[in-house]
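Structural overview for review
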Amino acid sequence: MMVKIKVSDLAKNFGKQSKTLIELISKYIEGPAKKSSSVLTEDELNIIFDRITKEHELKSLEPYFASKREPTPEEKEAKKEAAAKPKTDSKSKKHQSQAAILQMAEQAAKRAEEKAKKKANQTPQARTKGEARRIDTRANTVDLEKYNQKYEDIAPASSYNDNQNKQKLSQKSKQYRKKKPHSRKKETEAQRLARIAEQRKKQQIKISVPEEITVGELASLLRMTATEVIKELMKLGMMVTVNEVIDYDTAEIVGTELGAKVEKEVVVSIEEQIIEEEDENDENAIPRCPVVCVMGHVDHGKTSILDAIRNTDVTSTEAGGITQAIGAYQVTTEGGSVITFLDTPGHAAFTAMRARGAMATDIAVLVVAADDGIMPQTIEAINHAKAAGVEIIVAINKMDKEGANPDRIMQQLTEHELVPEEWGGSVICVPVSARRKWALISFLKQLISLRKCANSKQILTERLRALLSRLSSIRAEVLSLPFSFRTVLSTQAT
Ligand code: GDP
Ligand code: MG
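My aim in this report is to walk through the structure given alongside it, one point at a time. Everything numeric here is computed off the predicted structure, so don't read it as measured data. (Residues numbered from 1 in each chain as written. Chains lettered and ligands numbered in written order. Predicted model: local features only at pLDDT ≥ 70, side-chain atom pairs only at ≥ 80, totals over all residues. Heavy atoms only, no water.)

**Here we look at helix α11 (residues 226-235)**
To be explicit about the condition: Each residue gets one of three labels from its accessible area relative to the maximum for its type: buried under 20%, exposed over 50%, partly exposed in between, using a 1.4 Å probe on protein chains only. Secondary structure follows DSSP: runs of H or I at least 4 residues long count as helices, runs of E at least 2 residues long count as strands, and numbering of each begins at the N terminus. As used here, the arc is the angular range of directions from the helix axis to the C-beta atoms. Contact definition: two residues touch when any of their heavy atoms are within 4.5 Å.
Buried within α11 we find A226, V229, I230, E232 and L233. End-on, the buried residues of α11 take up no more than an arc of 160°, which puts them together on one face. In α11, those exposed residues whose orientation departs by more than 90 degrees from the buried face are T227, K231 and K235. In this structure, the buried residues of α11 make contact with α10 (215-221), β3 (245-247) and α12 (248-257). Two residues or fewer after α11 comes G237, characterised by a positive phi angle close to 85°.

Written out as structure tokens, the structure reads:
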């Protein structure tokens, strides 16, 4: 936007008369003469500024700068004094303290100067040269112990009460590296087992084990895992599972080996109670059939003899051909007397069961294979029968076999205090063959003729009845065979 300036205004600013400016313009620009109230054009303004500037032109600026010179020192002093004089007069005290402060400040400045000089003489630090200093902020090797030492010096732990714990500086990273459980909660399974084993060592466990026990039950009595017990059994050469039954002797060895004190559990079994109660002079005595237990070494033909008597074939349906439980069968003779037969397992693992069979019987039939002779379990059976005080009748089986030698068997029997009738003793020995059904009738005749069998006044207690039915039901379960066979035997038949 163009600024409109009148001739009169501009003249006023320059301190000139309007007339002078109008004349100046008319000199350079043609046209009608300007009035003092006329507005100046750009050209006219340029001419005026140009001309006036030229009029006031200076050859050198020096005279201008020279006109502003410095005051002389005397003049300065005079000025200072003039300024300070009235203050000194009015506030002399304040001035004195200020002077003291000034003095101190001077001294301080001097000291600082000396220090700076000293520093300048020293070798400058690397930092001052602009070198980068690297710091490992992970700080995983900070020796905090020394701080703890300092802390200990300041406030010794001994001065604290027992229940007051002093906080110590510790490095988190170190704590993690230790990987130790901080509390019981974080205890691992292995540590738990180790702790239990430790406790067990300190306090010997006393366990009472019955005649027979499963591996699992023994483990729980020992407060151990079944695996530990199985391991121990393996060391003894027995490959068993958790549910397998082991006898007391084995359990005792394992338990002792595992640091426990093993005692035999005194269980008054049904059979024992029956035997104790058995009194021939009992007023409640009622006639009952004799109970015959068939015992002997495995595979000597116990089950086969019973099969032959019953005309059934149980051996072919048994698991592995081994009797797994005590089976009970009843046989009725022509005369009407009923004989109960108990078939016992012959395997070593069934010692307890065999003993039980002997306990509950009146007569024990000892089966010995004519070709094999007396074996460890035959001896065991003899001992059980003797302990139970039952009469023994020997069936020398497998007479059809080539190597059958009944004399050798009888010879061996005498070694176990069983002297055959033929040799002047009291033990009846009958050579038979279960397979060929040889001499079985004669064997049964001999059996019936025995004192216990002939004596009709036996005691049949409710308990014995229950036991017999229980034994039979076990057998029935194992073999899925119907219980209670009643084979009518004709003693006259051949
Ligand atoms: P257990 O274990 O004593 O009950 O014996 P078993 O009755 O199961 O018989 C064992 C094996 O001997 C079977 O294979 C029978 O066939 C066999 N056996 C049983 N009695 C005789 C026999 O009189 N003569 C022959 N040759 N073999 C027999
Ligand atoms: Mg058998």
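**Brief notes about the site of ligand 1**
Selection criterion: The nearness test applies per residue and asks whether one of its heavy atoms lies within 4 Å of the molecule or strand. What qualifies as a polar contact is a pair of N or O atoms within 3.5 Å, subject to a donor-acceptor requirement within protein and to the restriction that residues adjacent in sequence count only when both atoms come from side chains. Working definition of accessibility: Shrake-Rupley area with a 1.4 Å probe, residue cover restricted to the visible protein chains.
Lining the immediate surroundings of ligand 1 are 17 residues, of which D299, K302, T303, S304 and D400 lie closest. Contact distances for ligand 1 include 3.1 Å between a nitrogen atom and a side-chain N or O atom of N397. Within the contact set of ligand 1, a nitrogen atom lies 2.7 Å away from a side-chain nitrogen or oxygen of D400. Coverage of ligand 1 by the protein chains reaches 84% of its 580 Å² of free accessible surface. Broken down by element, the residue count for the shell around ligand 1 peaks at three residues, all from helix α14 (residues 302-310).

**Let's talk about a nonpolar patch on the surface**
How we decide: Excluding any residue in a salt bridge, patches collect residues exceeding 30% relative accessible area, merging like charges within 9 Å and nonpolar Val, Leu, Ile, Met, Phe, Trp and Tyr side chains within 5 Å. The rule for a salt bridge is simple: a side-chain nitrogen of Lys or Arg has to be within 4 Å of a carboxyl oxygen of Asp or Glu.
On the surface, L58, L61, Y64 and F65 cluster together to form a nonpolar patch covering roughly 520 Å² of accessible area. Relative to the elements of secondary structure, L61 occurs in the loop between α3 (42-55) and α4 (62-66).

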